[in-house]
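Structure assessment
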Amino acid sequence: MVAVQTRRFTVNEYVRMSELGILAPDERTELINGEIITMIAKGFAHAAATTRTKTLLELALHRRVIIRVQDPIQLSEHSEPEPDIVIAKSDLLAYGTHHPRPDEVLLTIEVADSSLKYDLETKAPLYAAAGIQEYWVLDVVERKLYTFRQLENGHYQAQGILAETLEISPLAFEDLTIQIADMLPPLS
C-alpha cells in the first residue's frame with residue numbers, strides 16, 4: 001500500500017502564485033491549512049449584511065480601528081483566510097507591509113448564507129488555534145448571530161447563538177452596543 005501525502009502550500013507560495021498569474025486576479029480563493037479553497041459566490045443577502053455591518057462598525061468606531069472587508073489576515077505559515085469583516089488595531093501604515101496577524105485582530109466576522117457549516121466547523125477552530133480573541137458568524141438565512149469568545153489554550157470556551165432581536169457588545173469595545181437586526185438585511 002502506498003501512503004498518500006498532500007502538498008500543503010505556505011502563505012508565501014500562495015502569494016507568489018497570485019503574483020505569477022497562476023491564480024487569476026478575479027479568482028476568489030483563500031489559503032486554509034495549506035489548501036487553496038475556492039470561495040463561494042456571495043448572494044444578495046450576504047452582500048447586504050456585509051455592507052450593513054461594515055457601515056455600522058465604521059460609524060460606531062470612527063478612527064479608533066481599521067475595518068477590513070474581505071481582505072486577508074495571516075494566521076500562520078499555512079493559513080491566510082479572507083474573512084468578511086475584520087476589526088484590526090489601527091496601524092500607522094494601514095497594513096501596507098503585512099496583513100493583520102492574530103495579535104492585531106480585535107474581532108473577525110463571517111457572514112453566512114450557504115457557508116454556515118464551513119464557518120462554524122472549519123473557520124471557528126482555525127481562528128481559535130491562531131489566537132483570534134473573538135469570532136462571530138452572522139447567519140443571514142436563520143437571522144442569528146453565533147458568537148465564539150473566551151479563548152483559552154487555542155479553543156473558544158464560550159459559544160452562543162443570539163436571535164436577531166438581541167444586542168451584543170464586542171469584547172474589545174464594551175461601550176458599543178450593536179443590535180443584531182441592524183447587521184442583517186431587511187426582511188422583504
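This is a predicted model, so every value here is computed, not measured. Residue numbering note: each chain is counted from 1, following its sequence as written. Owing to the predicted nature of the model, reporting of local features is limited to residues with pLDDT of at least 70; listing and counting of side-chain atom pairs is limited to 80 or more, with chain, interface and lining totals taken over all residues. Side-chain measures here rest on the full set of heavy atoms in the structure, leaving out hydrogens and waters.

Right, let's talk about helix 3 (residues 116-130) for a bit. Compared with the 21 Å implied by 1.5 Å per residue over 15 residues, the 20 Å span of helix 3 between its first and last C-alpha is a close match. Along helix 3, the sharpest change in direction is near 35 degrees and occurs at Lys-123; proline Pro-125 comes one to four residues later. Whether a residue is buried, partly exposed or exposed follows from its accessible area with a 1.4 Å probe, protein chains only, as a fraction of its type maximum: under 20%, in between, or over 50%, in that order. By the criteria applied, helices consist of DSSP H or I runs no shorter than four residues and strands consist of E runs no shorter than two, each listed in order from the N terminus. Burial in helix 3 covers these residues: Leu-116, Asp-119, Lys-123, Ala-124, Leu-126, Tyr-127 and Ala-128. Against strand 1 (29-32), strand 5 (105-112), strand 6 (135-139), strand 7 (144-152) and strand 8 (155-163) lie the buried residues of helix 3. Gly-131 occupies a position one or two residues after helix 3 and carries a positive phi of about 100 degrees. What a helix is expected to span follows from its residue count: subtract one and scale by 1.5 Å. Given a residue, its bend is the angle between the two axes fitted to the seven residues that end at it and to the seven that start from it. Note on definitions: a residue-residue contact is assigned when non-hydrogen atoms from the two residues lie within 4.5 Å.

Our focus in this paragraph is the sheet that holds strand 7. Pairing between strands requires that DSSP locate at least two bridges from one strand to the other. Sheet architecture is open: six strands sit in the order 3-4-5-6-7-8, paired in mixed fashion. For this open sheet the edge positions go to strand 3 (65-69) and strand 8, each flanked by a neighbour on one side alone. Adjacent strand axes in the sheet meet at a mean angle of 15 degrees, parallel and antiparallel pairs treated alike. Summarising the sheet, strand 5 and strand 6 pair through five bridges and their orientation is parallel. Looking at the pairing, Thr-108 lines up with Tyr-135 of strand 6. Here an angle of 0 to 180 degrees is reported between the N-to-C directions of two axes, which are lines fitted to C-alpha atoms, with helices fitted over the stretch in contact. Contacts from helix 2 (residues 44-60) reach strand 3, strand 4 (85-89), strand 5 and strand 6, with the element oriented near 155 degrees to strand 5. Its contacts with the sheet put helix 3 on strand 5, strand 6, strand 7 and strand 8, and the angle it makes with strand 6 is roughly 175 degrees.

Stacked, tilted and edge-to-face pairs are distinguished by plane angle, under 30 degrees for stacked and over 60 for edge-to-face with tilted covering the rest, among Phe, Tyr and Trp rings (Trp via its six-membered ring) whose centres lie within 6.5 Å. Per the counting criterion, the structure on display carries three aromatic pairs. Consider the rings of Tyr-127 and Tyr-135, whose centres lie 4.8 Å apart with planes at 65 degrees: the pair is edge-to-face. Taken individually, Tyr-127 and Tyr-135 each receive the classification buried, so the pair is uniform in this respect. Within the aromatic cluster, the residues linked to one another by ring pairs are Tyr-127, Tyr-135, Phe-148 and Tyr-156.

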